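# Fold and geometry: a report
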Amino acid sequence: MQRYLATRLLALIPVLLGILTVVFVLIRLIPGDAVQLFLGTQVELTPEQMVELRRFFGVDKPMHAQYVDYLSRIVRGDLGVSLRTSRLVLDDILQRLPLSFQLATLALVVAMLIAVPLGIASAVTRNSALDVLARIGGLLGLSMPSFWLGAMLILVFSRYLHISIGQYVPLTQNPLGTLQSLYLPSLALGAAIAAILMRYVRSSLLEVLGQDYIRTARGKGLRAAAVMLRHALPNAMIPVITVLGFQMGYLLGGTVVIEEIFALPGMGRLVLQAIFQRDYPVVQGVVLVIALLFVVTNLVVDLLYAWIDPRIRYA
Amino acid sequence: MRNRVAPIGLVIIVASLATALLAPRLVPYDVRAMAPQASLAPPGGQHLFGTDEFGRDVFSRVLVGSRVSLVVAFFSVATAVGLGTTVGLTAGYYGGWWDGVSMRGMDIIFAFPAILLAIAIMAVLGTSLLNLVIAIGIVYTPQFARVARAAALTVRSLEFVDAARALGLGNARIIGRHLIPNILAPVIVQVSLSLSLAILSESALSFLGLGTQPPTPSWGNMLSEGRQFLELAPWNAVFPGLAIMLVVLGFNLLGDGLRDLLDPRLR
Amino acid sequence: MRVRWWMWLVVMALVLPVLPVRAGPAGTTFTIGVDQEVVGLDPNLVTAFSSFRRIDFLYNKLVRYNDRLLIEGDLAESWEFPDPRTAVFRLRRGVKFHSGAEMTSDDVKFTLERVLDPATRSPGRSFVDVITSIETPDRYTVRLKMQFPLASLLSGLASANLSIVEKAAVQRSGNLQRTVAGTGPFMLAEWVPDNFMRLVKNPNYFRQGLPKFDTLILRVIPDQASLLAGVRTRALDMATINQGAVITQARRESGIVVMQKAGLNLRIFAFNTTRPPYTDARVRYAFSFAIDRNVIVNTAEFGYAAVSGPVPASTPWATPAGRFTSYTQNVARARQMLSEAGYPNGFATRIVTSPTYEGGIAVAQVIQEQLRAIGVNATLETIEWGTYINRWVARDFDTMIELRGGDPDPDRFLYRTFHSTGAVNNFLFKDGGIDRLLERGRVNLETDARRPIYDELQRALIEAAPALFLYTPMETQVLQGYVRGFKIIGNGALYFLEEASVER
């Protein structure tokens, strides 16, 4: 186990380095001068002032020099300062990370709450009307863009129910406020994920239910519910957990549009604006952090997989 | 049920492709022709699906928009399948340093938040149909690489591969005759999922201003433009939205059906 | 039916959105929805419209515009021009900065010098760079000496970039992007970027009894439809909306008040006059006949705009747009002019535009269609905002859709935009006649003498057509019915919120 963990951790490093390099190069390939963008259209500078400003921003050196410089600072944990606001990138990220994390978690919870019962019902009553309805519902959830669903939810809630989208407050300040502000966004995100999950739950459960040990359990006289809860479901959930891991990674960075619509100050919006404003340190920092979290999450999922599996096989 | 429903998917897809191909001949109005006096007209009368704020016919735009959406979907997934399965197959079959390097490369792409990668690529290359295909294609390549590699690994270890080699069959033949048929099923499932995601990605990119640019209609940009009229003139967003849903549904049904057909375990 | 554990979950899930959250701060709180976050708060440095909106609450200027677009005193009680090149301002006494220190002529001098210093890179510099010396004969008097008389001086001093800052604070902190050193009706209490900014009442504000709110919260909600949703549900007391479709929806709802006023920003179709065929003024002028500005206003702005010439239509200096011959669409004449210029079959061209911010993509599409009628085949180059700025600065475009900030005084906008040495003359336009008119117009302090000059200037600019002048969008504020006393100005400034109150 330790060796597996160690090799996996070591394998992380080239991946993270690769991501960093790709981001570094990619964002500098975007046409547009970071400094000029910062100044906007209203200010005219002399060439000397431009040079000075470029030095201040650290964009005057050739790319490979900037790269080496950046790497050496990363190693020391210094993610740099935003070109735009002069705030520490790390501070910005740490401020927004909780929201992104909470939103991702809530969305997954919502997805599970929808997907698991429906998936079970669908698998158990295979090919019945309920199964068909659930699968159609699932397909609809898959085909609707989550931001579309979000926009519809806002419309319905504000126009017909007169309930407002709450302003985000951190969990430590007011948990109820946090839940309220993330309610609609997590519904919008969760619906699409529920659709994906439901298919996995269903197919995985179908496969498990056909196995011998299930017949053994039933033969032992256990009630259907007990069979499901103690034998079938835990086994079926294993591949589902893998999918959850992937979704978590997607959610951490991919909720940009939802954040725009629901006015959530998450990492998606931070990095989107940073890309548009050529705020290189912010983009690099955020992508690195998100990638790190994604990779770590998947590592945890894999470890869980490896840990759970042999135990259940002997159950 | 599956065997009854899959043909429906096929019908939908074929109909969409036909529409896309014939669109220029089917449209009652020029998609760019503006009729300011008919701005935001509701469906009915001269305009089956109503008009947008410039007075352009929504029905015509949905028809022509199908071209962009389907082209983006098919070609980006084709790119992803081509790149991904090549990488994955060779990685799984030959193994060695190529396996390590290429899969690390796939990991790197995969660890990027998909939408951010697409945004960055579009920002670098500029907004054009080709670039959309490239961007979305790259984003979905790792999935296919993984699937292909897993299948290749399973098959490689089977005895008949050793037997085939002993008989003197070249690697290419082995890959062609034995590996590819075995990866078909998981790849097809992945394809149907990716096709849907590709269309949705184009839509999200349009919302952020990086997808297909006006005045060229695409379902994605019609959806995002239509958002501001959700209360005033919902038909602007509803019809492209329905079109997206219909086509995605078609892909999924067809994909499910094909998978069930091809996967021996579930027979 | 037995109550199961999961039923509680369902009930909780349904009830969650309507549970009351912890009560807000004591006293009256006013919440405004804004669609853009600001990068910094230093009044002398910032350039974005959204930044000016915050500065409105935190700072004061020497003079400001009232809701009739006339100059009134802000920190200056009175002023006079002993001779055309000298201006003397008498400051109010007893005005306190948020720090408690008194505002004196020293601070005014410091601020002006800061703005004038090229190292500061203040966008406001070109408004007042005519100033050669600043004297402070006593604590409450400032005397400015100018290189030549400048009619738009007061207008320049009314700009948010010329807000008076506290000298001691700047010397302490370096710059004011994060800290506030102003005299304004509100003070900065809390700032969570991309979420909200909380301002609290300045107890020492020099206008007695104002402001009437204890707390002002500015919430950042990037999406316009979501802003309206917030007003509708009373989460917001007020929001600035500029998307025509959303404004139309707001007007249909009871309980919401939509205040609109003619604005001062100008939407233009810019030419790069150094690129053929736009080197020929006949081609540019022909375009003016080819397009239909009313259609543009009705489709791109839903009618919430006024067709305008080079001077914003809402100001008293503007020649009524109906008087310009080229403002009546005349496709035949446009084709004829193109023929005379050597393009009987039109030509291909490109229009730079952007889907976000002020990029004007709707306008671009309409113009693209209208130009087809004269044989001009325009391709839209739709680029994202960052690239748009870059192309603007590099003057790398054939034609471009822009939104320019106008002003009640014609000189402040026209000079820097159309003079051959103008700071924002990205058309690379050089016309000696127009230069001379601009120079004459700005040094003359008498309105009666200036008027014919600017009439002539507007006519000349329309014919020379460095850009097509399209329209001025209206300023729109959406408020709850219970908000009283707010006055809309027309330049988007919100400082009259200091007089507003709520009657619930």
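Structure shown above.
Residues numbered from 1 in each chain as written. Chains lettered and ligands numbered in written order. Predicted model: local features only at pLDDT ≥ 70, side-chain atom pairs only at ≥ 80, totals over all residues. Heavy atoms only, no water.

Let us look at the overall build of chain A. Scanning chain A for helices and strands turns up 13 helices and zero strands. Of the accessible surface of chain A, which amounts to about 13,900 Å², a share of 68% is contributed by carbon and sulfur atoms. Of the charged side chains in chain A, 25 are positive and 17 negative; the average position of the first set lies 14 Å away from that of the second. (Helix = DSSP H or I, 4+ residues; strand = E, 2+ residues; numbered from the N terminus. Areas by Shrake-Rupley, 256 points an atom, 1.4 Å probe, with all protein chains shown as cover. Lys, Arg positive; Asp, Glu negative; His and termini not counted. Charge placed at Lys NZ, Arg CZ, Asp CG, Glu CD.)

Further remarks concern the side chain of R54(C). Mapping R54(C) onto the fold places it in helix α2 (residues 49-58). Setting aside residues no more than four positions away along its own chain, R54(C) makes contact with V34(C), Q36(C), E37(C), V38(C), L41(C), M197(C), L218(C) and V220(C). (Contact = heavy atoms within 4.5 Å.)

This part is about the interface of chain B and chain C. Every contact between the two is made by 21 residues of chain B and, on the other side, 23 residues of chain C. Carbon and sulfur atoms supply 57% of the area that chain B and chain C bury against each other, a total of about 1,900 Å² over both sides. Applying the counting rule to chain B against chain C returns four salt bridges. On inspection of chain B and its partner chain C, the count reaches six residue pairs in polar contact (both at pLDDT 80 or more). Of the residues assigned to the side of chain B that touches chain C, the class counts are eleven nonpolar, four polar and six charged. (Buried area = accessible area lost by both parts, 1.4 Å probe. Salt bridge = Lys/Arg side-chain N within 4 Å of Asp/Glu carboxyl O. Polar contact = N/O pair within 3.5 Å; in protein donor to acceptor, adjacent residues only side chain to side chain. Nonpolar A, V, L, I, M, F, W, Y, C, P; charged D, E, K, R; others polar.)

Here we come to the interface of chain C and chain A. Opposite the 43 residues of chain C that make contact, chain A presents 47 residues. Of the roughly 4,200 Å² buried at the junction of chain C and chain A (both faces included), carbon and sulfur atoms supply 57%. Broken down residue by residue, the surface that chain C buries against chain A is led by L16(C), R121(C) and D194(C), which jointly contribute 15%. Its salt-bridge partner being E384(C), residue R278(A) comes within 2.6 Å of it at the nearest N-O pair. Here chain C and chain A share seven residue pairs in polar contact (both at pLDDT 80 or more) between them.

For the rest of this paragraph, the subject is the pattern of salt bridges. Residue and element names in this part refer to chain C. Counted under the stated rule, the structure contains 48 salt bridges over all chains. The residue D398 makes a salt bridge to R350 at a minimum N-O spacing of 3.5 Å. Taken together, the positions of D398 in the loop between α13 (385-393) and β17 (399-405) and R350 in strand β15 (residues 348-353) put the pair 48 residues apart, joining distant regions of the chain. D398 gets classed as buried once you look at its relative accessible area, which sits at 13%. For R350, a relative accessible area of 35% translates into the label partly exposed. The partner of R484 in a salt bridge is E503, with the nearest N and O atoms 3.2 Å apart. One end of the pair, R484, is in strand β20 (residues 483-484); the other, E503, is in the segment after β21 (501-502), and 19 residues separate them in sequence. (Buried < 20%, exposed > 50% of the residue type's maximum accessible area, 1.4 Å probe, protein only.)

On to the sheet that holds strand β9 (residues 196-201) of chain C. Residue and element names in this part refer to chain C. Taken in spatial order, the seven strands make up an open sheet running β8-β9-β10-β1-β11-β19-β12, and their pairing is mixed. A strand with exactly one partner marks an edge of an open sheet, and here the two such strands are β8 (186-192) and β12 (256-261). Pairwise comparison of adjacent strand axes, ignoring direction, gives a mean angle of 20 degrees for this sheet. When strand β1 (residues 29-34) meets strand β10 (residues 215-220), the two strands line up parallel, connected through six bridges. (Pairing = 2+ DSSP bridges. Axes fitted to C-alpha atoms, helices over the stretch in contact; angles between N-to-C directions.)

We now examine the packing of aromatic side chains. According to the stated counting rule, one finds 29 aromatic pairs over all chains in the structure shown. Taking 5.4 Å as the distance between ring centres and 10 degrees as the angle between the ring planes, the aromatic pair formed by F418(C) and F427(C) counts as stacked. Cation over ring: R28(A) sits above Y280(A), and NZ or CZ is 4.4 Å from the ring centre. Directly above the ring of Y415(C) sits R442(C), whose terminal nitrogen or CZ lies 3.6 Å from the centroid. (Phe/Tyr/Trp six-rings, centres within 6.5 Å; stacked < 30°, edge-to-face > 60°. Lys NZ or Arg CZ within 6 Å of the ring centre and 35° of its normal.)

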